[in-house]
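Okay, here's what each chain looks like letter by letter:
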Amino acid sequence: CGALTRFLLKRGRKRLLRVWNVEDLSLPLPGWLAERDRGFEEAMRENGLPFRPALHVPINLREELSEETFLFRRRLLAGFLLDQITGPNRVDALIAASDSVYFPLAAACRQLGLKPGEDIDLVGYDNNWRESVYRTWEPTVPLATVNKNNLHLGHELADLLMARAAGRPGAKRQHRRAAPAMVAVAG
């Protein structure tokens, strides 16, 4: 999220808003969102910029991926965004929690009179925007996203399991990480 934040700042955006989908607003943020907050806040502090708290929107990502669900999410996000995109200090960029949230978020901006990529910048996360069924109803794509390198991690896991099954030394419990990479998509 720090890399996405720096990307938006280099594009001249200063009033960034994180839009986090949180299924249960009464629970603490999951660790992955807390880590994204940390990266965002660090990048904003590095640049001496104030930042707004993240916008927590109750979106259930386990719902079916249909046009009806897309329209519901667009309307829900438009309602949550309205106060953020009006007035002299309106946000000029949005960071979506995932690429699947990007599309209804971009559609919500359009519904509220802002053209994604021009009036407001939007970025996603997960680098799976190409496969999203929501592209059917929203033509824009994120300016950038993050590839978590899941394929690489899957290969590492498979190799480790094969080594463990074969009883090879060094195949005991391990903690491996693959660094995520920001991917510029459009713009």
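The rules we used
Residues numbered from 1 in each chain as written. Predicted model: local features only at pLDDT ≥ 70, side-chain atom pairs only at ≥ 80, totals over all residues. Heavy atoms only, no water. Helix = DSSP H or I, 4+ residues; strand = E, 2+ residues; numbered from the N terminus. Buried < 20%, exposed > 50% of the residue type's maximum accessible area, 1.4 Å probe, protein only. Contact = heavy atoms within 4.5 Å. Axes fitted to C-alpha atoms, helices over the stretch in contact; angles between N-to-C directions. Parallel < 35°, antiparallel > 145°, perpendicular 65-115°, else oblique. Left-handed = near helix turned anticlockwise from the far one by under 90°. Nonpolar A, V, L, I, M, F, W, Y, C, P; charged D, E, K, R; others polar. 1 Å grid on protein atoms, 1.4 Å probe; cavity = no way out; pocket = protein on both sides within 12 Å on 5 of 7 lines; lining within 4 Å. Points joined across faces, edges and corners; volume = space filled by probe spheres on them. Core = buried A, V, L, I, M, F, W, Y, C linked by side-chain atoms within 4.5 Å. Salt bridge = Lys/Arg side-chain N within 4 Å of Asp/Glu carboxyl O. Expected span 1.5 Å × (residues − 1).

Student: Any details on the overall build of the chain? Residues and values, ideally.
Tutor: When helices and strands are counted, the chain shows five helices and six strands. Sequence-ordered secondary structure for the chain, helices as α and strands as β, is α-β-α-β-α-β-α-β-β-α-β. Structurally, the chain occupies a C-alpha span of about 65 × 40 × 35 Å along its principal axes. Sorting the 187 residues of the chain into buried and exposed places 43% on the buried side. For the chain, the share of sequence-separated contacts (at least 6 apart) that also reach a separation of at least 24 residues comes to 72%.

Student: Could you give an account of the packing of helix H1 (residues 2-10) against helix H2 (residues 31-46), naming the residues involved and the relevant values?
Tutor: Contact geometry for H1 and H2: axes closest at 7 Å, N-to-C directions at 40°. For the element pair H1 / H2, the angle class is oblique. Crossing hand, H1 versus H2: right-handed. Contacts between H1 and H2 involve Gly2, Thr5, Arg6 and Leu9 from the first element and Gly39, Phe40, Glu42, Ala43, Met44 and Glu46 from the second. Per-class residue counts for the contact of H1 with H2 are four nonpolar, three polar and three charged.

Student: Account for the layout of surface pockets, naming residues and giving values.
Tutor: As a volume, the largest pocket reaches approximately 660 Å³. Contributions of two or more residues to the lining of the largest pocket are made by H1, H2, helix H5 (150-165) and strand E6 (181-184). The element best represented in the lining of the largest pocket is H2, accounting for six residues. Looking at the lining of the largest pocket residue by residue, the classes come out as eleven nonpolar, three polar and seven charged.

Student: Lay out the nonpolar core in plain terms, naming residues and giving numbers.
Tutor: Counting residues in hydrophobic clusters, the biggest one holds 27 residues, and the most contacted among them are Val19, Leu77, Leu81, Leu94, Leu105, Ile120 and Leu122. Elements supplying a minimum of two residues to this core: strand E1 (16-21), strand E2 (55-57), helix H3 (67-81), strand E3 (93-96) and helix H4 (99-111). Residues in contact with Leu105, not counting those within four places in the same chain, are Val19, Leu77, Leu81, Leu94, Ala96 and Leu122. Counting residues in each nonpolar core, the second largest holds 21 residues, with Cys1, Ala54, Ala93 and Val123 among its members.

Student: Which residues make up the pattern of salt bridges, and what values do they have?
Tutor: A full pass over the atoms with the stated rule returns twelve salt bridges. Its salt-bridge partner being Arg11, residue Asp121 comes within 2.7 Å of it at the nearest N-O pair. Of this pair, Asp121 sits in strand E4 (residues 121-123) while Arg11 sits in the loop between H1 and E1, and the two are 110 residues apart along the sequence. Across the pair Arg38 and Glu42 runs a salt bridge whose closest N-O atoms are separated by 3.5 Å.

Student: Tell me what's going on with H4, and back it up with residues and numbers.
Tutor: For H4, built from 13 residues, the straight-helix expectation of 18 Å at 1.5 Å per residue is met to within 8% by its first-to-last C-alpha distance of 19 Å. Of all 13 residues making up H4, ten are buried, and the element is well covered by its neighbours. Listed in full, the buried residues belonging to H4 are Asp99, Val101, Tyr102, Phe103, Pro104, Leu105, Ala106, Ala107, Ala108 and Cys109. Elements in contact with the buried residues of H4: E1, H3, E3, E4 and strand E5 (144-147). Of the residues one or two after H4, Gly113 is the one with positive phi, at around 95°.

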